[in-house]
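# Examining the three-dimensional arrangement
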Amino acid sequence: MEKARIGKHSTVVLFPCPYQGHITPMLQLGSALHSKGFSITVVHTQFNSPNPSSHPEFNFQSLPDGLSQEVISSGSLLDIISELNVTCKAPFQECLEQMVKARNVPNDDDKVIWVIYDELMHFAEAAANHLGLPTILLRTISAATFVSRSAILQLEAQGLIPFQESISEEAVPNLPSLRFKDLPISMHGVSEKFLNLMKEACHSRKPSAVVWNTIECLEQSLLAQLQKQSKVPIFPIGPIHKFAPAASCSSLLPEDTCCISWLNKQPDKSVVYASFGSVASIDAKEFTEMAWGLANSRHRFLWVVRPGFILGSEWTEPLPKGVKEIVGERCCIVKWAPQREVLGHAAVGVFLTHCGWNSALESISEGVPMICRPYFGDQKVTARYIAHVWGLGLQLENKLDREEVARAVRRIMEDEQGEQIRARAEDMKGKIELCVKKGGLSYNSMDNLVQFMSF
Ligand code: UDP
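Residues numbered from 1 in each chain as written. Predicted model: local features only at pLDDT ≥ 70, side-chain atom pairs only at ≥ 80, totals over all residues.

Looking at an unreviewed UniProt entry, one finds the protein named Glycosyltransferase, with Turnera subulata as its source organism. The Sequence similarities (unreviewed entry) field of the UniProt record for the protein holds the comment "Belongs to the UDP-glycosyltransferase family." (UniProt positions renumbered as here; feature names shortened; annotations may be inferred.)

### What to know about the overall build of the protein
Helices and strands together make up the secondary structure of the protein, namely 17 helices and 15 strands. In summary, the protein has a C-alpha radius of gyration of 22 Å against a globular reference of 23 Å for 455 residues, a match within 12%. Each principal axis of the C-alpha atoms in the protein carries an extent, and together these give about 70 × 50 × 45 Å. Taking all 455 residues of the protein together, the buried fraction comes to 44%. Residue pairs in contact within the protein that sit at least 24 positions apart in sequence constitute 69% of those at least 6 positions apart. (Helix = DSSP H or I, 4+ residues; strand = E, 2+ residues; numbered from the N terminus. Rg over C-alpha atoms; globule rule 2.2 N^0.38 Å. Buried ≥ 20, exposed ≤ 12 C-beta atoms within 10 Å, placed from the backbone. Contact = placed C-beta atoms within 7 Å.)

### Side note on helix 8 (residues 216-229)
For helix 8, with 14 residues, the first-to-last C-alpha span of 17 Å runs short of the 20 Å given by 1.5 Å per residue. When the local axis directions of helix 8 are compared, the greatest deviation, roughly 50°, occurs at Leu222. Residues Glu216, Leu218, Glu219 and Leu223 constitute the buried set of helix 8. Buried residues belonging to helix 8 abut helix 6 (143-157), strand 9 (234-236), helix 16 (416-436) and helix 17 (441-454). (Expected span 1.5 Å × (residues − 1). Bend = angle between axes of the 7 residues up to and from the residue.)

### Quick look at the sheet that holds strand 12 (residues 331-334)
Taken in spatial order, the 6 strands of this open sheet run 12-11-10-13-14-15, and their pairing is parallel. Every interior strand has two partners, whereas the edge strands, strand 12 and strand 15 (393-395), have only one. Across this sheet, the average inter-strand angle for adjacent strands is 15°, counted without regard to direction. Strand direction decides the pairing type here: strand 14 (residues 370-372) and strand 15, joined by 3 bridges, are parallel. In the strand pairing of strand 15, Cys372 is matched with Gln395. (Pairing = 2+ DSSP bridges. Axes fitted to C-alpha atoms, helices over the stretch in contact; angles between N-to-C directions.)

### Overview of the site of the ligand
Surveying the vicinity of the ligand reveals 20 residues, the closest of which are Gly21, Gly277, Gln339, Gly356 and Ser359. At the level of secondary structure, the elements contributing two or more residues to the shell around the ligand comprise helix 1 (20-35), helix 12 (339-343) and helix 13 (357-365). At 4 residues, the largest contribution of residues to the shell around the ligand is made by helix 13. Taken domain by domain, the makeup of the shell around the ligand includes at least three residues from each of domain 1 (11-249 + 438-453) and domain 2 (258-433). (Near = placed C-beta within 6 Å. Domains from an automatic or database assignment.)

### Overview of the nonpolar core
For soluble globular proteins, nonpolar side chains are generally found buried alongside one another. Formed by 129 residues in total, the largest nonpolar core has its most connected members in Val211, Ile371 and Ile386. There are two domains that each give this core at least three residues, and those are domain 1 (11-249 + 438-453) and domain 2 (258-433). Leave out the neighbours within four places in its chain, and Val211 touches Leu29, Ile136, Leu138, Phe235, Ile237 and Leu449. (Core = buried A, V, L, I, M, F, W, Y, C linked by C-beta atoms within 7 Å.)

### Focus on the pairing of strand 10 (residues 271-275)
Counting buried positions over the 5 residues of strand 10 gives 5, a clear majority of the element. Here strand 10 shows a buried face lined by Val271, Tyr273 and Ser275 and a second buried face lined by Val272 and Ala274. Relative to strand 11 (residues 300-304), strand 10 runs parallel, the two being bridged by 4 bridges. Note that in strand 11 the partner of Val272 across the bridge is Phe301. Here strand 10 runs beside strand 13 (residues 348-353); their pairing, made up of 5 bridges, is parallel. Directly across from Tyr273, in strand 13, lies its bridge partner Phe351.

### With respect to the domain arrangement of the protein
The domain architecture assigned to the protein consists of domain 1 (11-249 + 438-453) and domain 2 (258-433). Taking the mean C-alpha position of each, domain 1 and domain 2 sit 27 Å from one another. Each partner contributes residues to the interface: domain 1 has 23 residues there, and domain 2 has 22 residues. Among the elements of the structure, helix 1, helix 6, strand 7 (175-179) and helix 8 are those that each provide at least two residues to the side of domain 1 that touches domain 2. For the side of domain 1 that touches domain 2, the class distribution of residues is 11 nonpolar, 10 polar and 2 charged. (Nonpolar A, V, L, I, M, F, W, Y, C, P; charged D, E, K, R; others polar.)

### Re the sheet that holds strand 4 (residues 112-118)
Hydrogen bonds along the backbone pair up the strands of a sheet, which may run parallel or antiparallel. Taken together, the 7 strands give an open sheet; going across it, the order is 3-2-1-4-5-8-9, and neighbouring strands pair in parallel fashion. Sheet topology places strand 3 (59-63) and strand 9 at the edges, where each strand pairs with a single neighbour. Averaged over all pairs of adjacent strands, the angle between their axes in this sheet comes to 20°, without regard to strand direction. Helix-sheet contacts for helix 4 (residues 89-103) involve strand 1 (10-15), strand 2 (39-45), strand 3 and strand 4, and the interaxial angle to strand 3 is about 140°. Of the strands in this sheet, strand 1, strand 4, strand 8 (209-212) and strand 9 are in contact with helix 17, which crosses strand 9 at around 140°.

### A word on the packing of helix 15 (residues 402-414) against helix 16
Running from amino to carboxyl end, helix 15 crosses helix 16 at an angle of 65°, the nearest separation of the two axes being 5 Å. Of the two possible hands of crossing, helix 15 and helix 16 adopt the one that is right-handed. Note on element contacts: helix 16 touches helix 15 through Gln417, Gly418 and Ile421, opposite Arg411, Ile412, Met413 and Glu414. A breakdown of the residues in the contact of helix 15 with helix 16 according to their chemical character gives 3 nonpolar, 2 polar and 2 charged. (Left-handed = near helix turned anticlockwise from the far one by under 90°.)

### Here's the deal with the packing of helix 3 (residues 77-87) against helix 7 (residues 192-202)
In the contact formed by helix 3 and helix 7, the axes pass within 10 Å of each other and the chain directions differ by 55°. Taken as axis vectors, helix 3 and helix 7 run oblique relative to one another. The interaxial crossing formed by helix 3 with helix 7 has left-handed handedness. From helix 3, Leu78, Ile81 and Ser82 reach across to helix 7, where they touch Lys193, Phe194 and Leu197. (Parallel < 35°, antiparallel > 145°, perpendicular 65-115°, else oblique.)

### A few points about helix 3
Every buried residue of helix 3 is accounted for by Ile80, Ile81, Glu83 and Leu84. Buried residues of helix 3 fall within an arc of 165° about the axis and therefore sit on the same side. In this structure, the buried residues of helix 3 make contact with strand 2, helix 2 (69-74) and helix 7. (Arc of directions from axis to C-beta.)

Shown next, in the form of structure tokens:
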């Protein structure tokens, strides 16, 4: 057998997409590979740059990303990501060239440089290919989201997008678990830019392998189908965070740990944790309804209200007076929480979530049932799977009102239906623990990935 080249000989260059939900799993993958002996260099944009001091074990290299102020101010994810794919290519290639040059010193010529890039940063693959460097694509979405994106491309080719409201409740052809309205697009259609990005992310990649932050025990049949169609190996190693040190943090915002002291004082499984990730925002009316719904449920709640979460407000200005009165008692509000620690805390009984894929995986891994309130994109697919395929939560589907929120909280925390959901969530937690343990599916997949990268 050929001698493994792992260890100081192998460098992994990570290029994350600069949003929290993408940076976190990429750096967690970096931590996992670092623990196996790889040296890690994170090449990142200036926009939303990660904090190097959180990962002293990595090298960080900032790339002049060339993003225009205009596109940054637009706040449009699609515009920012599309522009980065153009502006980052040349500087990234230059950066890789420097690394290749540095590698070619005497006695160091067997050093391998792997490039692992986020599926939305497709320029990185082209830059690496140009220099003959092997690449690995990281998918930070579920397999279900991937197939729903492929379905959009097919439907669009058939002229079925935008779809009529009359079919929004109908199942998508070949995807019986999803209705048209669950697809990660707006009913009004999609832009050319969106389609191009999806095409790049879904089809035209030629990496050496695909690493997937999902779990076989959740998505076995979809993954089997995708592996069949794929020309390269797929490594489902989710939930990636289980392979990274518990203390490792990639938050772009400072975590407020006072909520852990507050949770420490609450009884087991008594708290609703409400948080909506790093990008979603709501209007003041929906925020008010949510506030009253949580308060009227009569349960305790910990709420992450990110600055900018409420449109037109700095922070929690629209919080109704009656709800303000219970802050510090059965309600705790923070700007950003150490979410993995919160979800692993004994006091948390349910998670009111936007269903970002990382949040969903973190909740599922801890056996916390969910109330799903998706806003856009893949959140809708994940919500549908959580509530209707995996049976790990409930979905709030209609225009949000306080009654519906309070009812959903009570159903999960108090009802018989809630008891069944809680039992399934607990059962899934056990299955995931087995997956990430020595000999488990994700554990083996991680081992296979390391072997793959070592020869
Ligand atoms: N998160 C956190 N503290 C918070 C809210 C979110 O650490 O107060 C983390 C969360 O644990 C997850 C990430 O931010 O890892 C959000 O990613 P996700 O895919 O759930 O949603 P997105 O932000 O991409 O919509």
